[in-house]
Amino acid sequence: MVQKGLILFCVLIMGGCANLAKETEEVFREQNRVTSELLLLLDESPPESPRHGQLSDAEEFILQACMPLNQFAIRYRDNLPIGPFKKLRLPKAIKVCRRVTEQTQALLNDLEP
């Protein structure tokens, strides 16, 4: 009975891995795209302007929110070991990064002339 449970668990985990990897990559790429757009607007914005302050705050917010996902991606890219507890936290990291990326994109859309 234990072996059947273990096999089922492994099948469920492995089946979900492909979807999780795809979702991780999608969110990671979108976050990088939005952050790049934000940095371009920040460079174009005069430092004394309120817009610059908003963009600077948004940059800090997205970097902090997406740090766990980015750390995971870097470890994966560099073929470093990723412990089971880090893997268990990945779905939450994806959710948080996705939400903040969407909020940051909405801010950028509102700030554009």
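Computed from a predicted structure; not experimentally measured.

What follows covers the nonpolar core. Membership of the largest hydrophobic core comes to 20 residues, with the highest contact counts inside it found for Leu55, Leu69 and Leu108. Among the elements of the structure, helix H1 (2–44), helix H2 (50–77) and helix H3 (84–111) are those that each provide at least two residues to this core.

Let us look at the side chain of glutamine 105. Within the element layout of this structure, glutamine 105 appears in helix H3. The class of glutamine 105 is buried, set by a relative accessible area of 16%. Apart from the residues within four sequence positions on either side, glutamine 105 is in contact with Glu30, Arg33, Val34 and Glu37.

What follows covers the pattern of salt bridges. Taken as a whole and judged by the stated rule, the model has 5 salt bridges. We note a salt bridge from arginine 29 to glutamate 25, for which the minimum N-O separation is 2.8 Å. Of this pair, arginine 29 and glutamate 25 both sit in helix H1, 4 residues apart, which is roughly one turn of that helix. On the basis of relative accessible area, arginine 29 is assigned to the exposed category, the value being 56%. A salt bridge links arginine 77 to aspartate 78, with the nearest nitrogen and oxygen atoms 2.8 Å apart. Assessed through its relative accessible area of 37%, aspartate 78 is described here as partly exposed.

To continue, consider the confidence of the model for the chain. Summary statistics for the chain give a mean pLDDT of 83 and a share of 82% for residues scoring 70 or more. The secondary structure element of the chain with the lowest average pLDDT is H1, at 73, and the one with the highest is H2, at 92. The low-confidence segment residues 1–14 (pLDDT under 50) makes 0 contacts with residues lying over four places distant or belonging to another chain.

Throughout this description, disulfide means a covalent bond between two cysteine sulfur atoms. Scanning the entire structure with this criterion turns up 1 disulfide. A sulfur-sulfur distance of 2.1 Å marks the disulfide that ties cysteine 66 to cysteine 97. The S-S bond linking cysteine 66 to cysteine 97 shows a torsion near 100°; that makes this disulfide right-handed. Of this pair, cysteine 66 sits in helix H2 while cysteine 97 is found in helix H3, placing the two residues 31 residues apart along the sequence. Looking at cysteine 66, the relative accessible area reads 0%, which means it is buried. Among the residues examined, cysteine 97 registers a relative accessible area of 0% and is labelled buried.

With that settled, consider H2. Along its 28 residues, H2 runs 38 Å from first to last C-alpha, staying within 8% of the 40 Å computed at 1.5 Å per residue. Largest kink in H2: about 55°, centred on methionine 67, with the proline proline 68 one to four residues after it. Among all positions of H2, only His52, Leu55, Ala58, Glu59, Ile62, Ala65, Cys66, Leu69, Asn70, Phe72 and Ala73 are buried.

Bringing the packing of H2 against H3 into the picture now. In contact at an axis separation of 9 Å, H2 and H3 are set at 155° when each is read in the N-to-C sense. Accordingly, the angle class assigned to the pair H2 and H3 is roughly antiparallel. For the crossing formed where H2 meets H3, the hand is left-handed. Its residues assigned to classes, the contact of H2 with H3 comprises 18 nonpolar, 4 polar and 4 charged.

Basis of the calculations
- Residues numbered from 1 in each chain as written.
- Predicted model: local features only at pLDDT ≥ 70, side-chain atom pairs only at ≥ 80, totals over all residues.
- Heavy atoms only, no water.
- Core = buried A, V, L, I, M, F, W, Y, C linked by side-chain atoms within 4.5 Å.
- Buried < 20%, exposed > 50% of the residue type's maximum accessible area, 1.4 Å probe, protein only.
- Helix = DSSP H or I, 4+ residues; strand = E, 2+ residues; numbered from the N terminus.
- Contact = heavy atoms within 4.5 Å.
- Salt bridge = Lys/Arg side-chain N within 4 Å of Asp/Glu carboxyl O.
- pLDDT = per-residue confidence, 0-100.
- Disulfide = S-S within 2.5 Å.
- Expected span 1.5 Å × (residues − 1).
- Bend = angle between axes of the 7 residues up to and from the residue.
- Axes fitted to C-alpha atoms, helices over the stretch in contact; angles between N-to-C directions.
- Parallel < 35°, antiparallel > 145°, perpendicular 65-115°, else oblique.
- Left-handed = near helix turned anticlockwise from the far one by under 90°.
- Nonpolar A, V, L, I, M, F, W, Y, C, P; charged D, E, K, R; others polar.

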